[in-house]
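Residue strings, one per chain:
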Amino acid sequence: MPTVPGMVARDDPVAPLWRGTVALRVVTFLFAAVNVTIHSDEYLRPWLGWTVLGVMGLWSAFTVRSYSAERGRNWWVVGSDLAVACGLMSLSPFILTDEQYLRLVPLVTTIWACEPAVAVGALGGQVAGALAGGVLGLSTYLNRGEMTVDVVRDVVLLVGAGFVVGMASTTARRTAVRLARALRTEAATAERERLARSIHDGVLQVLARVRKRGLELGGEAAELAELAGEQEVALRSLVAAAPEESTVDGEADLRPALQLLATRRFEVSTPATRVLLPAAAVAELASLVREALSNVDEHAGEDARAWVLLEDLGDEVVLSVRDDGPGIPEGRIEDAAAEGRMGIAKSIRGRVAALGGALELQTGPGEGTEWEVRVFRAGDGGAG
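Residues numbered from 1 in each chain as written. Predicted model: local features only at pLDDT ≥ 70, side-chain atom pairs only at ≥ 80, totals over all residues. Heavy atoms only, no water.

(A) Inspection of the overall build of the protein chain at higher detail. Counting its regular elements, the protein chain contains twelve helices and seven strands. The contacts of the protein chain with a sequence gap of at least 6 include a subset with a gap of at least 24, amounting to 67%. For the protein chain, the computed accessible surface area is about 20,300 Å², with 60% contributed by carbon and sulfur atoms. (Helix = DSSP H or I, 4+ residues; strand = E, 2+ residues; numbered from the N terminus. Contact = heavy atoms within 4.5 Å. Areas by Shrake-Rupley, 256 points an atom, 1.4 Å probe, with all protein chains shown as cover.)

Spelled out as structure tokens, the structure:
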């Protein structure tokens, strides 16, 4: 079976569809056996009709065994199933008489040949199932020799069956992925809460006491107190951050990547609900914020503070990084780029350009610095 990221390999959510496919194969073979029994005396070559039925029986036994085990649900078996059905159906002109064709006697394979469309749909989804149904419908038309109401009906039923079963298999796999992810998120949240309680009752309280006592003593102890305070904030940010997760479509939540950047000097504010973007965009935006905060550390002074704000506006995501430092003098960024220092040009502007977003800088002497990044979701025409 095709794998979907996040699925547990030993738990096939499409197993009920495969059991139905096996049952369909058995029932349709019995129907074909009755059909051959009834019409064999009138066949042009009765021995060939019984031979085809024997091959159908052997192939049915093989596919029932294969589809009953997960390792047998693969493209080799399913593709061979489709080829065998079409091949045996093509022997009908050598078995049925012209008079039987006029009376619309079923082809030698009859409804037994519909099962590959269902198997392909269960394995490959609605498009593959519909295509397999179309191939079987075309084979039916070629062996009938004319386009009748019965042939059109068979084609519609074959394509429809493959499409519906394929859609059900796709839905089942996506549902299984979402359920597994929800269970992992729930487990991660519970474990995070347990660790948060343990850390709060132990490590955080000790760090808080060290910080308080160090500030009271002053001198070198005050420096240790500052370090203890920074570690306390970092730990609080770690246990408070939302669990990292991604979707079936390759999107990820931006919030955890930003929440982990919070320190005593840097505050991070995010929405209560997930902010989903392509995983690559999440990584780029997190790196952008880290670069902006690094610039605050390097250029704004030890006492400067910074605020990171994330907003989800539906068709776009707005991310701003503001500090209360001295601001960037006019022409400073251009001079840095001319000197070969490309931090802002590549790490910030370059990333925003690569994401197809918009960047705005507000700064001035004594006014601090604020970067505002707008990333447009797919389908929005505002990018650029």
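Having seen the structure, we can now continue with the description.
(B) Local environment of the packing of helix α1 (residues 15–39) against helix α5 (residues 115–124). One can describe the packing of α1 onto α5 by two numbers: an axis separation of 10 Å at closest approach and a directional angle of 170°. As summarised for this structure, α1 and α5 are arranged roughly antiparallel, according to the angle between their axes. Touching Leu-17, Trp-18, Thr-21, Leu-24 and Arg-25 of α1 are Glu-115, Pro-116, Val-118, Ala-119, Ala-122 and Leu-123, all from α5. (Axes fitted to C-alpha atoms, helices over the stretch in contact; angles between N-to-C directions. Parallel < 35°, antiparallel > 145°, perpendicular 65-115°, else oblique.)

(C) Summary view of the packing of aromatic side chains. Tallied over the full model, the rule gives two aromatic pairs. Taking 5.0 Å as the distance between ring centres and 45° as the angle between the ring planes, the aromatic pair formed by Trp-18 and Tyr-67 counts as tilted. You can see Trp-18 sitting in helix α1 and its partner Tyr-67 sitting in helix α2 (residues 46–67), a full 49 residues away along the chain. Note on Trp-18: relative accessible area 0%, which makes it buried. Classification of Tyr-67 as buried rests on a relative accessible area of 1%. Judged by centre distance (5.0 Å) and plane angle (40°), the ring pair of Trp-59 and Phe-62 falls under tilted. Of this pair, Trp-59 and Phe-62 both sit in helix α2, three residues apart, which is roughly one turn of that helix. Under the relative-accessibility criterion, Trp-59 is labelled buried at 16%. (Phe/Tyr/Trp six-rings, centres within 6.5 Å; stacked < 30°, edge-to-face > 60°. Buried < 20%, exposed > 50% of the residue type's maximum accessible area, 1.4 Å probe, protein only.)

(D) Broad picture of the side chain of Ser-66. Its place among the elements puts Ser-66 in helix α2. Under the relative-accessibility criterion, Ser-66 is labelled buried at 11%. Ser-66 has contacts with Gly-72, Arg-73 and Val-77, leaving out every residue within four places of it along the chain.

(E) Local environment of the sheet that holds strand β5 (residues 316–323). Overall, mixed pairing links the five strands, which are arranged β2-β4-β5-β7-β6 in an open sheet. A strand with exactly one partner marks an edge of an open sheet, and here the two such strands are β2 (266–269) and β6 (358–363). Taken over all neighbouring pairs, the strand axes of this sheet differ in orientation by 10° on average, direction set aside. Those strands touched by helix α10 (residues 279–299) are β2, β4 (306–312), β5 and β7 (369–376), and its axis lies near 15° from that of β5. (Pairing = 2+ DSSP bridges.)

(F) Here's a closer look at the packing of α1 against α2. Contact geometry of α1 with α2 gives a least axis separation of 10 Å together with a crossing angle of 170°. Accordingly, the angle class assigned to the pair α1 and α2 is roughly antiparallel. The residues of α2 that touch α1, namely those facing Trp-18, Thr-21, Val-22, Arg-25, Val-26, Phe-29, Ala-32, Ala-33, Val-36 and Thr-37, are Gly-49, Trp-50, Leu-53, Met-56, Gly-57, Trp-59, Ser-60, Thr-63, Val-64 and Tyr-67. Grouping the amino acids of the contact of α1 with α2 by side-chain chemistry returns 13 nonpolar, six polar and one charged. (Nonpolar A, V, L, I, M, F, W, Y, C, P; charged D, E, K, R; others polar.)

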